Amino acid sequence: MITLEQIRSWGRLSAHEHAVVDPVFVDQAQAALSEKGPILGFGAGRSYGDVCLNGSGRLLRTRSLDRLIGADWSTGIIRAEAGLTLDTLLRLAVPKGWFVPVLPGTKFVTLGGAVANDIHGKNHETAGTFGCHVRRLGLARSTGEVLELGPEQNTELFAATIGGLGLTGIILWVELALVRTTSALIDVETLELPNLDAFFRLSEQSQPWEFTVAWVDCLAKGAAVGRGLFIRGRWHVGGALVPHKPSRLRVPFDAPSWPLTGTTVRLFNRAYRSRPWALGQRTVHYDQFFFPLDTLAGWNKLYGPNGFFQHQCVLPTTSAPDALRRLLDLTSAYGQGSFLIVLKMFGDRPSPGILSFPRRGATLALDFPNRGESTRRLLDEMASVVIEAGGRLYPAKDATMTAEAFRTGYPDWQKVEKLRDPNIMSDFWRRVAA
């Protein structure tokens, strides 16, 4: 069945009409892919920009292709259809003593989306990206072929599909290696972060901790640039294997955009940083540690009807200190601060994906309410800093990257274009590569 729908990505910057196909079975997905006209796989729509959109074209929505095909709970190897969400997988795996090896900031992403964007998490320094744990993939092509891909089978196409933004075909199923866990709890320590130098020092000292991330006050100036909170975690010893519960809180409508000013962000950041209970040690459920934003369903509506942009970059270790200071100085100068700002180090474990975003260095992510041209100028200036420093931007979060910035940051992009399914296209790829 095909329906005409106005579809927006998570950033809610604009809505585009799509002809949406909702297959219930794999053969229906294969048939839709083979029909004429550009099509794009669409999972849960949690990408922020236009990487999941195909304006005025077709989307193949995988929400009904969410079955668990097989699971060996003695080894932790599972195979599931691409529309299965991490939310559902965690509910199945945790009671059996297994956990998803790499998690992003939300559990409401599909396996297919996790592969297509090669997601990363708080444990990148030890675990690498999601693609490092993918054993095999089932991929449908518009030629009618259904191929099995893996590190030792159709390897070139496998590398183009991991982090390949859904362009090489429709991912039908994913075989993933889970990791053992004996607890659903995480031991967490939060430390004061006076500046950027302290962030790099604490990152180096926190290697025994499996998970690390920092929240930064992006409006701090001078010697205080980079101040915030450094958070590190590791699995608790013992405790029941209790999976997470559904969220009961929801944002019912768009918030007005006027409260999101530099002044309110400055006041929020001060209050958040100064909470009496913020520092110290505690033990929390994995849901609270990995997915704090998921406790408020529809939190993207808090940015108002105009939506929001996210800037996420990765910077080489050598140039990161100076480039991060310049990026944070820019946000302060524009007065367009962010409540949600994350700073973390990536490790050197390589991804199997050609277009995978992470590389060794520091990654910074900030959200900005959409204030029109001024926000776009800020993002353009930030992108220039990143490219000059030898870094790159994250396609899954991007809505403004230029073709030059993309091709500079991803010099092997033509390898994916060569293997792109000719019947698949996205708004992002039209913008940066087509």
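Another point: the overall build of the chain. Along its length, the chain carries 13 helices and 21 strands. Relative to the globule expectation of 22 Å for 434 residues, the C-alpha radius of gyration of the chain, 21 Å, shows essentially globular dimensions. Overall size of the chain, expressed as C-alpha extent along the three principal axes, is 60 × 50 × 45 Å. Taking as baseline every contact in the chain between residues at least 6 positions apart, the subset at least 24 positions apart corresponds to 75%. Total accessible area on the chain stands at roughly 17800 Å², and carbon and sulfur atoms take up 53% of it.

Turning to the sheet that holds strand S4 (residues 58–61), a few remarks are in order. Strand order in this open sheet of 4 strands is S1-S2-S4-S3, and the pairing throughout is mixed. Each of the sheet's edge strands pairs with one partner strand only, and the pair in question is strand S1 (2–7) and strand S3 (39–42). For this sheet, the mean inter-axis angle between neighbouring strands, taken without regard to orientation, is 40°. Across 4 bridges, the pairing between S3 and S4 is parallel.

Along the chain, Trp413 turns up in helix H12 (residues 413–419). On the accessibility criterion, Trp413 (9% relative accessible area) is buried. Sequence separation of Trp413 and Ile354 is 59 residues, and the distance between their C-alpha atoms is 7.5 Å. Not counting residues up to four positions away in its chain, the partners in contact with Trp413 are Leu355, Phe406, Arg407, Trp429 and Ala433.

As a further point, take the pattern of salt bridges. For the structure shown, the criterion picks out 20 salt bridges. A salt bridge links Arg61 to Glu5; its shortest N-O distance comes to 2.9 Å. In this pair, Arg61 sits in strand S4 while Glu5 sits in strand S1, placing the two residues 56 residues apart along the sequence. Among the residues examined, Arg61 registers a relative accessible area of 8% and is labelled buried. With a closest N to O distance of 3.8 Å, Lys344 and Glu125 form a salt bridge. Here Glu125 lies in helix H4 (residues 124–127) and Lys344 lies in strand S19 (residues 341–346), a separation of 219 residues in the sequence. Assessed through its relative accessible area of 33%, Glu125 is described here as partly exposed. Sharing partners across several salt bridges, the network here consists of Arg79, Arg135, Arg136, Glu148 and Glu175.

Thresholds, definitions, all that
- Residues numbered from 1 in each chain as written.
- Predicted model: local features only at pLDDT ≥ 70, side-chain atom pairs only at ≥ 80, totals over all residues.
- Heavy atoms only, no water.
- Helix = DSSP H or I, 4+ residues; strand = E, 2+ residues; numbered from the N terminus.
- Rg over C-alpha atoms; globule rule 2.2 N^0.38 Å.
- Contact = heavy atoms within 4.5 Å.
- Areas by Shrake-Rupley, 256 points an atom, 1.4 Å probe, with all protein chains shown as cover.
- Pairing = 2+ DSSP bridges.
- Axes fitted to C-alpha atoms, helices over the stretch in contact; angles between N-to-C directions.
- Buried < 20%, exposed > 50% of the residue type's maximum accessible area, 1.4 Å probe, protein only.
- Salt bridge = Lys/Arg side-chain N within 4 Å of Asp/Glu carboxyl O.

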